[in-house]
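What follows is the residue order along each chain.
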Amino acid sequence: MTTSEPETAMVEPESAPPREGLAALVGGYFERLRGGEVGVLPVLFGLVLITLYFWSKNSNYVTAVNFNNIVVQMAGVSIIAMGIVFVLLLGEIDLSIGYVSGIGGVTVALLQQPGKSYQVAGLIAILLAVSVGAAIGAFQGSFVALIGVPSFVVTLAGLLAWQGVVQKAIGDQGVITIQNDTVNNVSNYSLPANWGWGLAAAAAVGYALTALLSVFSRRRHHVTARHPVLVVLEVVAIAALCFIVVRISNRAGGVPFAGVLVVALLIFWTYIARRTTFGRHVYAVGGNAEAARRTGINVKRIRIVVFMICSAMAALGGVVFAARLTSVDLNAGGGTILLDAISAAVIGGTSLFGGRGNVRDAVVGALLISAIANGIDLVGYSSATRFIVTGMILLAAVTLDTVLRRRQAAVGR
């Protein structure tokens, strides 16, 4: 009789979960589209139609010079709309951002006046203007978070009050001219050609490294990683976009610094919203404030900080507007700034109901609005046409958001 050796269990080494095939990925993408997750596709489709239409009306619409004009034109609205995205993620609203941007412009204009005892360097003036905006946001956000006054009422009062402050600060001067080159260069400076190519290369390499690190991190934590083909295609597309933009801008004098500022802020706030604990808490509060509170999130603090971000970005946007005109007047912060910024965020895809949206929505929405405004001015249509078209697009965006939310609820997303 022979004795057999005891069997030993073979333990398979832990490995990353299997990766989906390309066919499954494509099928999943179309399934998400049917479920209501359309992302920025409607805006991109709209941009294509708008470009083709105005190109057919005036060939100058697609020139490099006009491209740079649109970039500078959209910069202020984009920056303000980034702050609005955070407020909308909470399901709140801020109606004061227009005149808070006016406060930012007036602050930087006053602080750079030659011969005044309070004159400071241009960069310091800009930082102080942004700080004033953050303080305004903390003040208004405290009423919303600590007392429970509806944000609509608080910021409507702010709209009226800050309009009065702008007019009081300018007073009988009527117009304050900005003579500081550092401030004016925020909107009016273009980078040398070599700097543009260098930034494009840095952006392409940086994005590629970020994508690779994300893949390695997901595999290390045994989470399904994206298909390599998709990663490569995305990296190549972003790199191509960077170099195409620089090539176009260089043909018209160089990449506008205002555009670089928008991209830098987009990267920064996207990281804050998507990669930090604070950003996850913002989405949680926007999704269900009571559930977030029960999990230990300081909902009041999140609300205050979000309003600070919104007003600080509004003030910075006001600096961009003031620098573009090299002056501020009694109408600083007025006009369509408020409506354009909120429309940009909503048209870009941020939900008015809270909990859904991305910082990039502000930029793509502002690009759409600026493309329309620029084309209407170039073709010679009246401003009434611009208001009608923008209003119709805003209504369509909100209607689409409502329909998609119902669709997502129906499919359990």
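Worth saying up front: this structure is predicted, and the values here are computed from it rather than measured. (Residues numbered from 1 in each chain as written. Predicted model: local features only at pLDDT ≥ 70, side-chain atom pairs only at ≥ 80, totals over all residues. Heavy atoms only, no water.)

### A few points about the overall build of the chain
So, point 1. Scanning the chain for helices and strands turns up 16 helices and two strands.
So, point 2. Counting every position in the chain, which comprises 413 residues, the buried fraction comes to 44%.
So, point 3. Across the chain, contacts joining residues at least 24 apart in sequence account for 82% of those joining residues at least 6 apart.
So, point 4. Accessible surface, the chain: about 21300 Å² in total, of which carbon and sulfur atoms supply 65%. (Helix = DSSP H or I, 4+ residues; strand = E, 2+ residues; numbered from the N terminus. Buried < 20%, exposed > 50% of the residue type's maximum accessible area, 1.4 Å probe, protein only. Contact = heavy atoms within 4.5 Å. Areas by Shrake-Rupley, 256 points an atom, 1.4 Å probe, with all protein chains shown as cover.)

### Section: the environment of Ala345
So, point 1. Within the fold, Ala345 resides in helix α14 (residues 337-348).
So, point 2. Between the C-alpha atom of Ala345 and that of Ile80, which follows or precedes it by 265 residues, the distance is 9.4 Å.
So, point 3. The residues contacting Ala345, other than those within four sequence positions of it, are Ala81, Ile84, Val85, Leu88, Thr350, Asp361 and Ala362.

### Looking at the side chain of Ser311
So, point 1. Within the fold, Ser311 resides in helix α13 (residues 299-325).
So, point 2. If we skip the residues at most four places from it in the chain, Ser311 touches Asp94, Val100, Gly133, Ala134, Ile136, Gly137 and Gln140.

### A look at the packing of α14 against helix α15 (residues 360-379)
Each pair of packed helices can be summarised by the angle the axes make with each other and by the distance between the axes.
So, point 1. Following both chains from N to C, one finds α14 and α15 inclined at 115°, their axes separated by 7 Å at the closest point. Here α14 is positioned roughly perpendicular relative to α15, judged by the angle of their axes. The two elements α14 and α15 meet at a crossing, and its hand is right-handed. Across the interface between the two elements, Asp340, Ser343, Ala344, Ala345, Ile347 and Gly348 of α14 pack against Asp361, Ala362, Val364, Gly365, Ala366, Leu368 and Ile369 of α15.
So, point 2. Partitioning the contact of α14 with α15 into residue classes produces eight nonpolar, three polar and two charged. (Axes fitted to C-alpha atoms, helices over the stretch in contact; angles between N-to-C directions. Parallel < 35°, antiparallel > 145°, perpendicular 65-115°, else oblique. Left-handed = near helix turned anticlockwise from the far one by under 90°. Nonpolar A, V, L, I, M, F, W, Y, C, P; charged D, E, K, R; others polar.)

### Quick word on helix α3 (residues 64-89)
Side chains of residues three or four places apart in an α-helix project in the same direction, reflecting 3.6 residues per turn.
So, point 1. Between its first and last C-alpha, α3 extends 35 Å over 26 residues, near the 38 Å set by a 1.5 Å rise per residue.
So, point 2. At Ala75, α3 shows its strongest bend, of approximately 35°.
So, point 3. The element α3 is largely enclosed, with a buried count of 23 among its 26 residues.
So, point 4. One or two positions beyond α3, positive phi appears at Gly91, with a value near 80°. (Expected span 1.5 Å × (residues − 1). Bend = angle between axes of the 7 residues up to and from the residue.)

### Quick notes on the confidence of the model for the chain
So, point 1. On average, the chain scores 86 in pLDDT, and the residues at 70 or more come to 87%.
So, point 2. When pLDDT is averaged over each element of the chain, α13 comes out on top at 96 and helix α1 (residues 22-34) at the bottom at 62. (pLDDT = per-residue confidence, 0-100.)

### So, the packing of aromatic side chains
So, point 1. The tally for this structure, following the rule as stated, stands at six aromatic pairs.
So, point 2. Aromatic pair Phe54 and Tyr61: ring centres 5.4 Å apart, planes at 40°, arrangement tilted.
So, point 3. On the basis of relative accessible area, Phe54 is assigned to the buried category, the value being 5%.
So, point 4. By relative accessible area, Tyr61 is classed as buried at 6%.
So, point 5. Aromatic pair Phe139 and Phe143: ring centres 5.1 Å apart, planes at 75°, arrangement edge-to-face. (Phe/Tyr/Trp six-rings, centres within 6.5 Å; stacked < 30°, edge-to-face > 60°.)

### Let's talk about the pattern of salt bridges
So, point 1. Under the counting rule described, the total for this entry stands at three salt bridges.
So, point 2. Of the charged contacts in the structure, one is a salt bridge between Glu290 and Arg294, with a shortest N-O distance of 3.0 Å. Linking Glu290 with Arg294, this pair stays in helix α12 (residues 289-294), spanning four residues, or about one helical turn.
So, point 3. For Glu290, a relative accessible area of 35% gives the class partly exposed.
So, point 4. Because the salt bridges share partners, they merge into one network encompassing Glu290, Arg293 and Arg294. (Salt bridge = Lys/Arg side-chain N within 4 Å of Asp/Glu carboxyl O.)

### As for the side chain of Asp94
So, point 1. Its location among the elements puts Asp94 in the loop between α3 and α4 (97-111).
So, point 2. No salt bridge forms around the buried Asp94; measuring N to O, its nearest opposite-charge neighbour Arg303 is 12 Å away.
So, point 3. Among the polar contacts made by the side chain of Asp94, one reaches the side chain of Ser96 at a distance of 2.6 Å. (Lys, Arg positive; Asp, Glu negative; His and termini not counted. Polar contact = N/O pair within 3.5 Å; in protein donor to acceptor, adjacent residues only side chain to side chain.)

### Quick notes on a nonpolar patch on the surface
So, point 1. A surface patch of nonpolar side chains, about 510 Å² in accessible area, is lined by Val205, Leu209, Leu212, Leu213 and Phe216.
So, point 2. With respect to the helices and strands, Leu212 occurs in helix α8 (residues 193-220). (Patch = residues over 30% accessible without salt bridge, like charges linked within 9 Å, V, L, I, M, F, W, Y side chains within 5 Å.)

### What about helix α6 (residues 151-170)?
So, point 1. Given a rise of 1.5 Å per residue, 20 residues ought to cover 28 Å, and the 28 Å separating the end C-alpha atoms of α6 matches this to within 8%.
So, point 2. Next to the buried residues of α6 lie α4, α5 (122-147), β1 (175-177), α13, β2 (327-329) and α14.
So, point 3. Of the residues one or two after α6, Gly171 is the one with positive phi, at around 60°.

### Some words on unusual backbone geometry
So, point 1. Of note, Thr326 is a non-glycine position whose phi angle comes to about 55°, a positive value.
So, point 2. Taking the relative accessible area as the measure of exposure, Thr326 reaches 30% and is therefore partly exposed.

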